[in-house]
Amino acid sequence: MIQPKYEIGQRMYHIIEERYDWQEKECYICEGTTMADIKGEKFSCPKCNGYGVLNICKKRYVIKGEVINGYDVRKINDDIEIVYHIGHYGIEEKRINSSGGYFFTSKGRAKTALEKLEFHAAIDTSSSQNY
Ligand SMILES: [Zn+2]
């Protein structure tokens, strides 16, 4: 009989990447012309995909709570593993509270992991992408 460590209905915390402060800026490669000049030939700008603008946003990490809504018991060779359904994620028991991230049993533990993430991410806080 396998006894799961965590209960259905128990709240878990994880870190998600949130994009915010969206701004449309003129593409710095084609300067809004939608075309890029490469060795004297004109091409649709590869940076903005020919839109002439870039959608710039900032990224931040936020802690989000999710509830365990079930679990599976998996048998792999001689190993038995419990996989929890947390929100729409499937997380192995060993990944909960692990230093690699995933899910944490308390907001405090998630916050500690978040502080490490923010420290490493401090160099890269913005990105540009077109949708
Ligand atoms: Zn461009």
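Figured I'd write up the structure that's included with this text. (Residues numbered from 1 in each chain as written. Predicted model: local features only at pLDDT ≥ 70, side-chain atom pairs only at ≥ 80, totals over all residues.)

### Looking at the overall build of the protein
Part 1 of the reasoning: Secondary structure summary: the protein contains one helix and eight strands in total.
Part 2 of the reasoning: Going from the N terminus to the C terminus, the protein shows its helices and strands as β-β-β-β-β-β-β-α-β.
Part 3 of the reasoning: Within the protein, the fraction of its 131 residues that count as buried is 15%. (Helix = DSSP H or I, 4+ residues; strand = E, 2+ residues; numbered from the N terminus. Buried ≥ 20, exposed ≤ 12 C-beta atoms within 10 Å, placed from the backbone.)

### As for the environment of Ile 82
Part 1 of the reasoning: Relative to the helices and strands, Ile 82 resides in strand 5 (residues 79-86).
Part 2 of the reasoning: Spatially, the C-alpha atoms of Ile 82 and Ile 2 are 8.6 Å apart, while their sequence positions differ by 80 residues.
Part 3 of the reasoning: In this structure, Ile 82 is in contact with Ile 2, Pro 4, Tyr 71, Val 73 and Glu 93, ignoring residues within four places of it in sequence. (Contact = placed C-beta atoms within 7 Å.)

### Brief notes about the nonpolar core
Part 1 of the reasoning: Core analysis: the biggest nonpolar cluster contains 13 residues, and Met 12, Ile 86, Phe 103 and Phe 104 have the highest contact counts within it.
Part 2 of the reasoning: Take this core: its biggest share by element is three residues, from strand 1 (residues 11-26).
Part 3 of the reasoning: The residues contacting Ile 86, other than those within four sequence positions of it, are Met 12, Glu 66, Ile 68, Ile 91 and Phe 103.
Part 4 of the reasoning: Listed in part, the five residues of the second largest apolar core include Cys 30, Cys 45, Cys 48 and Leu 54. (Core = buried A, V, L, I, M, F, W, Y, C linked by C-beta atoms within 7 Å.)

### Re unusual backbone geometry
Part 1 of the reasoning: One non-glycine residue, Thr 34, lies in the positive phi region at around 75°.
Part 2 of the reasoning: Here Thr 34 lies in the loop between strand 1 and strand 2 (35-38).
Part 3 of the reasoning: Assessed through the 16 C-beta atoms surrounding it within 10 Å, Thr 34 is described here as partly exposed.
Part 4 of the reasoning: At Asn 49, a residue that is not glycine, the phi angle is positive and equals roughly 55°.

### Quick notes on the pairing of strand 4 (residues 53-76)
Looking down a regular strand, the side chains alternate between one sheet face and the other.
Part 1 of the reasoning: Bridge analysis of strand 1 against strand 4 gives 14 bridges, and the strand direction is antiparallel. The residue bridging Glu 26 from the neighbouring strand is Val 53, located in strand 4.
Part 2 of the reasoning: Direction of pairing for strand 4 relative to strand 5: antiparallel, over a ladder of eight bridges. Following the sheet pairing, Tyr 71 is matched in strand 5 by Tyr 84.
Part 3 of the reasoning: The antiparallel pairing of strand 4 with strand 5 creates a hairpin that spans two residues between the two strands, and Asn 77 there sits at a positive phi of about 55°. (Pairing = 2+ DSSP bridges.)

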